[in-house]
Amino acid sequence: MRRLTTAVLSTAAVAMAACAPTPAGGGLNGPDRAPRACFTTSQVTNFRAGEEQTLYLRAGRTGVFELQSVGWCRDLNWANALVIMPEFGGGSRLCAGDPVQIAYAGGGSMPSGPCRARVTRQLTAAEVEALPGSSRP
């Protein structure tokens, strides 16, 4: 009888330990991850093309996001108007890592695109300041 009581108590102790909180930054799913940086298409107020088929968007008051084209976007550096849409439809919220479609009007009268791109990241204030003036939205 005593062995049965010991086994039950041991099992209960292990079960209670499994429910104990874990320290921050750990756990079964690995280290805690910060939420992805996101914006909505209605927040975009300005944009500029950078080098190497990169597009910088100003979203909201202080957010600047970098988009990298997938393939070649013809005359992207001449774009004066653009429309950004999620690649797989649904909603207007875009986050770092999301694929997008860009349609834009450039130096000619015909719209270019759609062009495929990916939202790569949100820039820090220091990174925005470090951008060349011609690339800063």
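Above this text sits the structure in question.
Anyway, here's the lowdown on the structure attached to this text. This structure is a prediction, so every number in the text was calculated from the model and none was measured.

A short note on the overall build of the protein
- Within the protein, the regular secondary structure consists of two helices and eight strands.
- Starting at the N terminus and walking to the C terminus, you meet the elements of the protein as α-β-β-β-β-β-β-β-β-α.
- Burial analysis of the protein (137 residues in total) assigns 32% to the buried set.
- Summarising the internal contacts of the protein: among those between residues at least 6 apart in sequence, 50% fall at separations of at least 24.
- Within the structure as shown, the protein displays about 9200 Å² of accessible surface, and the carbon and sulfur contribution to it stands at 57%.

Description of the nonpolar core
- Ranked by size, the top nonpolar core spans 21 residues in total, and within it Leu55, Leu67, Val100, Ile102 and Tyr104 carry the most contacts.
- Elements with a minimum of two residues in this core: strand E2 (44-49), strand E3 (54-59), strand E4 (63-69), strand E5 (81-86), strand E7 (99-105) and strand E8 (111-122).
- Those residues in contact with leucine 67, other than ones at most four positions away along the chain, are Gln53, Thr54, Leu55, Leu57, Val100, Ile102, Arg118, Val119 and Thr120.
- Listed in part, the five residues of the second largest apolar core include Tyr56, Val64, Leu123 and Leu131.

A few points about the packing of aromatic side chains
- Counted by the stated rule, this structure contains one aromatic pair.
- Residues phenylalanine 39 and phenylalanine 65 carry aromatic rings whose centres are separated by 4.5 Å and whose planes lie at 45° to one another, so their mutual orientation is tilted. A residue pair is termed long-range when its members are at least 10 positions apart, and phenylalanine 39 in strand E1 (residues 38-40) and phenylalanine 65 in strand E4 qualify at 26 residues.
- By relative accessible area, phenylalanine 39 is classed as buried at 2%.

Quick word on the environment of cysteine 115
- With respect to the secondary-structure elements, cysteine 115 resides in strand E8.
- For the pair formed by cysteine 115 and cysteine 73, sequence separation is 42 residues and the distance between their alpha carbons is 5.7 Å.
- Every residue in contact with cysteine 115, bar those within four places of it in the chain, is listed here: Ser69, Cys73, Val100, Gln101, Ile102 and Tyr104.

Calculation criteria
Residues numbered from 1 in each chain as written. Predicted model: local features only at pLDDT ≥ 70, side-chain atom pairs only at ≥ 80, totals over all residues. Heavy atoms only, no water. Helix = DSSP H or I, 4+ residues; strand = E, 2+ residues; numbered from the N terminus. Buried < 20%, exposed > 50% of the residue type's maximum accessible area, 1.4 Å probe, protein only. Contact = heavy atoms within 4.5 Å. Areas by Shrake-Rupley, 256 points an atom, 1.4 Å probe, with all protein chains shown as cover. Core = buried A, V, L, I, M, F, W, Y, C linked by side-chain atoms within 4.5 Å. Phe/Tyr/Trp six-rings, centres within 6.5 Å; stacked < 30°, edge-to-face > 60°.

Coordinates in, geometry out; function isn't part of it.
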